[in-house]
Amino acid sequence: MKLRKTVWRFLPLSLLVFLLTGCLGETNLTALDPKGPQSQWIFDKMLLSLYVMAFVSIVVFAIFFIILAKYRRKPGDDELPKQVHGNTALEITWTVIPIILLIILAVPTITGTFMMADDEPDPEVGENTVEIKVTGHQFWWQFDYEDEGFTAGQEVYIPVGEKVLFELHAQDVMHSFWVPALGGKVDTIPGITNHLWLEADEPGTYKGKCAELCGPAHALMDFKVIALERPEYDQWVANMQAEVEEPTDALAQQGRELFGADGLGCIGCHAVGGTGTAAGPALTNFGDREVIAGYLENDDEHLAAWIRDPASLKQGNNMPSFPQISDEEMEALIAYLRSLSVNEQ
Ligand code: HEC
Ligand SMILES: [Cu+2]
């Protein structure tokens, strides 16, 4: 009776797991569909260990069942079987086989670990290897392109087919930088600099996540890696470096006033152009983002709700709320934020 109850309890749960894993597959937030040399390597090792484990299980269970059948007590077996102690040949066999299996796992694991830790510039692109400083904040990501002289928030653009070097930092608590389709996860730790390189085989948008419990909105600390062909990437860099033009539209201009120091003071935390601050994500290309704050669909309704009361949408985040903004002001502010796009130039 009890067993049946337990089964019924677990059934919906296991169905849920099926559904959830299905969702993850769709958004490429998965290590099982590798899209770069590093993630491919990790995936191959997962398969290798799976094969080794399958081999061990099959052999062990086969021997187990054979022995169970062959040597079980049969009718008429009154005497104890002959008692033996020690068998050198057997003992050597079952020591040597696991050693061989461990070597099969260890050799590629160790060489691969060094390969993944190798943060030397890409030999193929030499001096032009892209280096990006990543800083994890509660609960957003800052990407400094220091050599290029600008900052990006929430979305990191990289060239396709090149090893890109990431220098990992944290501002407040520990976070972990993870783009499952491209590679392994590495922690960002306050006061410590970690390194990671990633490479994307094909252009596309790859979802990333903070993989270290870092506070109430940890689960919403999402980001994106956007991989572009080299010429498009260079164009994006040039657009990010360019002087931000004043909006031509009157409404957006009014929004720009509100955004500034004489208005609501958003500019104190949000850079538009240049290298920015550590207080909030740079909004230089906010108009190009698909989502707000890492996860909210970037439409006017969500944007207004976010600006009025960010805490209700992302618990514990560091943006103050602005409930005083009137509907007209909000319209202007949104028009300005929408004008912040570098892709339309
Ligand atoms: C005290 C600093 C601070 C001020 C002032 C501030 N913000 Fe923010 N803002 C933040 C932080 C921090 C985040 C990131 C929140 C998160 O995702 O955890 C953020 C996120 C945002 C985002 C989402 C950005 C993205 O790419 O996901 C928008 C849009 C935004 N703020 C607009 C504004 C506007 C408009 C104002 C002025 C009315 C403003 N902010 C004032 C700190 C601030
Ligand atoms: Cu985090």
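Scroll up a little and you will see the structure.
Residues numbered from 1 in each chain as written. Chains lettered and ligands numbered in written order. Predicted model: local features only at pLDDT ≥ 70, side-chain atom pairs only at ≥ 80, totals over all residues. Heavy atoms only, no water.

Caption draft 1: Representation of empty space enclosed by the protein in the model. Inspection of the entire model under this criterion finds one cavity of 30 Å³ or more. Taken as a whole, the largest cavity holds about 40 Å³ of empty space. Along the walls of the largest cavity sit Gln154, Glu155, Asp222, Phe223, Lys224, Arg289, Val291 and Gly294, which together make up its complete lining. When residues in the lining of the largest cavity are grouped by element, the largest group, three residues, is from strand β10 (residues 222-228). Looking at the lining of the largest cavity, its residues break down into two nonpolar, two polar and four charged. (1 Å grid on protein atoms, 1.4 Å probe; cavity = no way out; pocket = protein on both sides within 12 Å on 5 of 7 lines; lining within 4 Å. Points joined across faces, edges and corners; volume = space filled by probe spheres on them. Helix = DSSP H or I, 4+ residues; strand = E, 2+ residues; numbered from the N terminus. Nonpolar A, V, L, I, M, F, W, Y, C, P; charged D, E, K, R; others polar.)

Caption draft 2: Structural detail: the site of ligand 1. Near ligand 1 lie 25 residues; those nearest to it are Cys266, Cys269, His270, Ala293 and Met319. Phe139 places a polar main-chain atom, nitrogen or oxygen, 3.2 Å from an oxygen atom of ligand 1. In this structure, Ala293 approaches ligand 1 through a main-chain N or O atom, which is 2.5 Å from an oxygen atom. A molecule is said to occupy a pocket when more than half its atoms come within 2 Å of that pocket's grid points, and by this definition ligand 1 occupies the largest pocket. It is helix α6 (residues 300-308) that provides the largest number of residues to the shell around ligand 1, a total of three residues. Broken down by class, the residue content of the shell around ligand 1 amounts to 18 nonpolar, five polar and two charged. (Near = heavy atom within 4 Å. Polar contact = N/O pair within 3.5 Å; in protein donor to acceptor, adjacent residues only side chain to side chain. Sits in = over half its atoms within 2 Å of the grid points.)

Caption draft 3: Region of interest: the coordination of the iron atom of ligand 1. Protein ligation of the iron atom of ligand 1 involves His270 (NE2) and Met319 (SD), the donor distances falling in the range 1.9 to 2.1 Å. Geometry at the iron atom of ligand 1 is octahedral, judged from its six donor atoms and the angles of 85 to 178° they form at the metal. Taken together, the residues span a long stretch of sequence, with His270 in the loop between α5 (250-259) and β11 (291-292) and Met319 in the loop between α7 (310-313) and α8 (327-339) at a distance of 49 residues. The buried category is assigned to His270, whose relative accessible area is 12%. (Donors = N, O, S within 2.8 Å, 3.2 Å for Na, K, Ca; no water. Tetrahedral: all angles 85-135°; square planar, octahedral: opposite > 155°, others 65-115°. Buried < 20%, exposed > 50% of the residue type's maximum accessible area, 1.4 Å probe, protein only.)

Caption draft 4: Main features of α8. Compared with an ideal rise of 1.5 Å per residue, which puts 13 residues at 18 Å, α8 spans 18 Å between its outermost C-alpha atoms and is within 8% of the ideal. Listing the buried residues of α8 in full gives Met330, Ala332, Leu333, Ile334, Ala335, Tyr336 and Leu337. Contact partners of the buried residues in α8: α5 and α6. (Expected span 1.5 Å × (residues − 1). Contact = heavy atoms within 4.5 Å.)

Caption draft 5: The arrangement of the nonpolar core in detail. Counting 39 residues, the largest nonpolar core has Ile132, Phe143, Tyr145, Ile158, Phe166, Phe177 and Trp236 as its most contacted members. Looking at which element gives the most residues to this core, the answer is β10, with five residues. Look past the residues within four positions of Trp236 in its chain and what remains in contact with it is Tyr145, Phe150, Ala152, Tyr157, Leu228, Asn285, Val342 and Asn343. Ranked by size, the runner-up nonpolar core spans 22 residues in total, among them Leu296, Phe322, Ile325 and Ile334. (Core = buried A, V, L, I, M, F, W, Y, C linked by side-chain atoms within 4.5 Å.)

Caption draft 6: Quick look at the sheet that holds strand β2 (residues 140-145). Strand order in the open sheet made by the five strands is β3-β2-β1-β5-β8, with mixed pairing throughout. Strands with a single pairing partner mark the edges of an open sheet, and in this sheet they are β3 (150-153) and β8 (194-198). On average, each strand axis in the sheet is tilted by 25° relative to the strand beside it, whichever way the strands run. Pairing of strand β5 (residues 164-170) with β8 involves five bridges; the strand directions are antiparallel. Considered in β8, the bridge of Val164 is made with Leu198. (Pairing = 2+ DSSP bridges. Axes fitted to C-alpha atoms, helices over the stretch in contact; angles between N-to-C directions.)

All quantities given are derived from atomic positions and should not be read as evidence of function.
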